[in-house]
Structure formats: structure tokens, C-alpha cells
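One-letter residues, chain by chain:
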Amino acid sequence: MSTVRHAELTCSRCGTDTVHEVVYAGRLLAEVTCTACGRTYGRDVRADYLADLRQRLVTKPKRMLRRLRKDPLRFASSLPKTVPAKPLELLSEIRVVWHSGKNRRTRGEH
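Keep in mind that what you see is a predicted model, and the values were worked out from it rather than measured.

A.B. asks: What's the story with the pattern of salt bridges in this structure? I'm lost.
C.D. replies: If the charged atoms of two oppositely charged side chains come close together, the side chains can form a pair. Following the criterion strictly, the structure yields six salt bridges and no others. A salt bridge links arginine 27 to aspartate 52; the shortest N-O distance between them is 2.5 Å. In this pair, arginine 27 is assigned in the loop between strand 2 (17-25) and strand 3 (28-34) and aspartate 52 in helix 1 (residues 46-70), connecting sequence segments 25 residues apart. Residue aspartate 52 is classed as buried on the basis of its relative accessible area of 9%. Arginine 46 is the partner of aspartate 44 in a salt bridge, and the nearest nitrogen-oxygen pair spans 2.5 Å. We classify aspartate 44 as partly exposed; its relative accessible area is 21%. Within this structure, Arg27, Asp52, Arg56 and Glu93 form a network of salt bridges that share partners.

See below:
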């Protein structure tokens, strides 16, 4: 799933220690945006994302089995909520990945 976190970093453009919005596509860092000046540092994660997604898909059955063995009741009760949400999470990740590739082509390296 694409995840947005916030971290205090020093911006190389405005030189201030400020909160930055950090965007991940799955487990990959895709983009960092300074909230003070708006400067975005992004990278094209398309090739890395495909390898990461493949690894996550291959290991998913093992991870699900581990959760089932650890707490069967919690695992079973979470399925109705998590199963329908997975396609939406994947779509969210794909949007971030697509955006990262588009940014690199249009704005160049940051």
C-alpha cells in the first residue's frame, strides 16, 4: 500500500529543519516533499517496484499462514475487512509508482 509518513528533515533547497512528507510505494521510498518550500525530491521506482511486488506476492501465502497459526480467530475476523481493501491498496501503490516515473521523465532528476 502507498503510505505517507512525516519526518523532520533538513531541506537542501530552503535550508530549514522542517517536516517533510515522505511517500512510500509498498516498501520503497518514492517521494519526499518539503512542507516549507514545496520542493519535491522523487525517484523513478518502477523497476524496483516490480521486483518488490513480485517478492511480496511470492511470500504472501507464507505470511498469511504464519498469522493464521499465531492467532486463528483474529486472522479469520480480519479477512472480511482486509480482502476487499487489498485491490484498493494495490491501486494506490500503482498510482504512486506511475507518478514517480512520470515526474522523472518530465522534471528530470531532483
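A.B. asks: For this particular structure, what's the right way to read the state of the cysteines?
C.D. replies: Working definition: the covalent bond between the sulfur atoms of two cysteines is a disulfide. According to the stated counting rule, one finds zero disulfides in the structure shown. Between cysteine 11, a free cysteine, and cysteine 37, which holds the nearest cysteine sulfur, the sulfur-to-sulfur gap is 3.7 Å. Accessibility expressed as a relative area gives 2% for cysteine 11, which makes it buried.

A.B. asks: What exactly am I supposed to notice about helix 1 here?
C.D. replies: Because an α-helix completes one turn every 3.6 residues, residues spaced three or four positions apart along the sequence face the same direction. Here helix 1 spans 34 Å end to end across 25 residues, near enough to the 36 Å set by a 1.5 Å rise per residue. Within helix 1, the full set of buried residues consists of Tyr49, Asp52, Leu53 and Arg56.

What counts, and at which threshold
Residues numbered from 1 in each chain as written. Predicted model: local features only at pLDDT ≥ 70, side-chain atom pairs only at ≥ 80, totals over all residues. Heavy atoms only, no water. Salt bridge = Lys/Arg side-chain N within 4 Å of Asp/Glu carboxyl O. Helix = DSSP H or I, 4+ residues; strand = E, 2+ residues; numbered from the N terminus. Buried < 20%, exposed > 50% of the residue type's maximum accessible area, 1.4 Å probe, protein only. Disulfide = S-S within 2.5 Å. Expected span 1.5 Å × (residues − 1).

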